[in-house]
Amino acid sequence: DSKLIKPNTFETLIPHYNLRSETNTYANIRKIIYPTKGTSEFEFEKITGNLGEAGFKEYCRIKTRQDKTDNKAYNKLIFSYENEMSGYPKYKSPNELPNDFKHKTIVTDSNAIQSIYTFNNNHLLEKLERKENGERLLSESTREYDNYTKQPLRIINKSYNKSTGKFIKKVEDFKYEDKGYG
């Protein structure tokens, strides 16, 4: 006899934002309940972002996520941010961000390991740093992109020795076929 497995169930938070006279509604998952009764839980925060000439929007971004079994939390991640990705409120349009504009997402796990994602004005990942207790650098990855195609040209990965602070470096260079891109 095979047993029927009940599918996962979801609880959602449904925010919306107004774009001129139109409303755009979307859902954020707050909780996933697995057949084992374990859960994955998510918490969001509402923020404001630019829509250029269309005005602004309110949207949600993640604050925390964690798994739970028997009311014990595992795999907790805490998210924090530096600069809103559209440049709000300093810049009027997300399409006209200055070249030196950066925004970051910082993810801290339950072992105090931080992953710091730094994005450029085109929202491409420029740097990923992993730090222990927000201080000791464990690894670093930097990326350079083609200005036109936005494809990576070079990725430099450094893995640091915890004791000495010295690192091993790996450099990857990319070359693409020119199929009429320029």
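Residues numbered from 1 in each chain as written. Predicted model: local features only at pLDDT ≥ 70, side-chain atom pairs only at ≥ 80, totals over all residues. Heavy atoms only, no water.

(A) Here's a closer look at the overall build of the protein chain. Within the protein chain, the secondary structure is distributed over zero helices and 13 strands. Moving toward the C terminus, one meets the helices and strands of the protein chain in the order β-β-β-β-β-β-β-β-β-β-β-β-β. Classification of the 182 residues of the protein chain by burial places 29% in the buried group. Here the analysis covers contacts within the protein chain between residues at least 6 apart in sequence; of these, 25% occur between residues at least 24 apart. Working note: accessible area of the protein chain is about 13,000 Å², and carbon and sulfur atoms make up 47% of it. (Helix = DSSP H or I, 4+ residues; strand = E, 2+ residues; numbered from the N terminus. Buried < 20%, exposed > 50% of the residue type's maximum accessible area, 1.4 Å probe, protein only. Contact = heavy atoms within 4.5 Å. Areas by Shrake-Rupley, 256 points an atom, 1.4 Å probe, with all protein chains shown as cover.)

(B) Spotlight on a nonpolar patch on the surface. On the surface, Leu153, Phe174 and Tyr176 cluster together into a nonpolar patch covering about 230 Å² of accessible area. If you trace the backbone, Tyr176 turns up in the segment after strand E13 (167–173). According to the relative accessible area criterion, Tyr176 is partly exposed, its value standing at 35%. (Patch = residues over 30% accessible without salt bridge, like charges linked within 9 Å, V, L, I, M, F, W, Y side chains within 5 Å. Salt bridge = Lys/Arg side-chain N within 4 Å of Asp/Glu carboxyl O.)

(C) Representation of the packing of aromatic side chains in the model. Evaluation of the coordinates by the stated rule reveals three aromatic pairs. In this structure, Lys57 packs its charged tip against the face of Tyr59, placed 4.8 Å from the ring centre. (Phe/Tyr/Trp six-rings, centres within 6.5 Å; stacked < 30°, edge-to-face > 60°. Lys NZ or Arg CZ within 6 Å of the ring centre and 35° of its normal.)

(D) Quick peek at the pattern of salt bridges. For the structure shown, the criterion picks out 10 salt bridges. With a closest N to O distance of 3.6 Å, Lys68 and Glu41 form a salt bridge. Linking Lys68 in strand E6 (residues 56–69) with Glu41 in strand E5 (residues 39–50), this pair joins segments that are 27 residues apart in sequence. Owing to a relative accessible area of 22%, Lys68 belongs among the partly exposed residues under this scheme. Residue Arg61 pairs with Glu45 through a salt bridge whose shortest N-O separation is 2.9 Å. Placement of the pair is Arg61 in strand E6 and Glu45 in strand E5, with a sequence separation of 16 residues. Three or more residues joined by partner-sharing salt bridges are found here, namely Glu132, Arg136 and Lys162.

(E) How the structure looks around the environment of Leu153. For Leu153, the position within the fold is in strand E12 (residues 152–160). For Leu153, a relative accessible area of 32% puts it in the partly exposed group. Along the primary structure Leu153 and Arg143 are separated by 10 residues, whereas in three dimensions their C-alpha atoms are 7.5 Å apart.

(F) The arrangement of the environment of Ala27 in detail. By the secondary structure assignment, Ala27 is in the loop between strand E3 (22–25) and strand E4 (28–33). Accessibility expressed as a relative area gives 48% for Ala27, which makes it partly exposed. Sequence separation of Ala27 and Cys60 is 33 residues, and the distance between their C-alpha atoms is 9.6 Å.

(G) View of unusual backbone geometry. Note the cis peptide between Tyr88 and Pro89, where omega equals 0 degrees. Its location among the elements puts Pro89 in the loop between strand E7 (72–82) and strand E8 (103–109). Non-glycine residue Asn83 carries a positive phi angle of around 65 degrees. Looking at the secondary structure, you find Asn83 in the loop between E7 and E8.

(H) Focus on the pairing of E4. Judged from the three bridges that link them, E4 and E5 form a sheet pairing that is antiparallel. Within the sheet, the bridge partner assigned to Lys31 lies in E5 and is Glu41. (Pairing = 2+ DSSP bridges.)

(I) Up close: the confidence of the model for the protein chain. Mean pLDDT over the protein chain works out to 86, with 84% of the residues at or above the 70 mark. Across residues 1–5, where pLDDT falls below 50, the model places one contact with residues more than four positions away in sequence or in other chains. (pLDDT = per-residue confidence, 0-100.)

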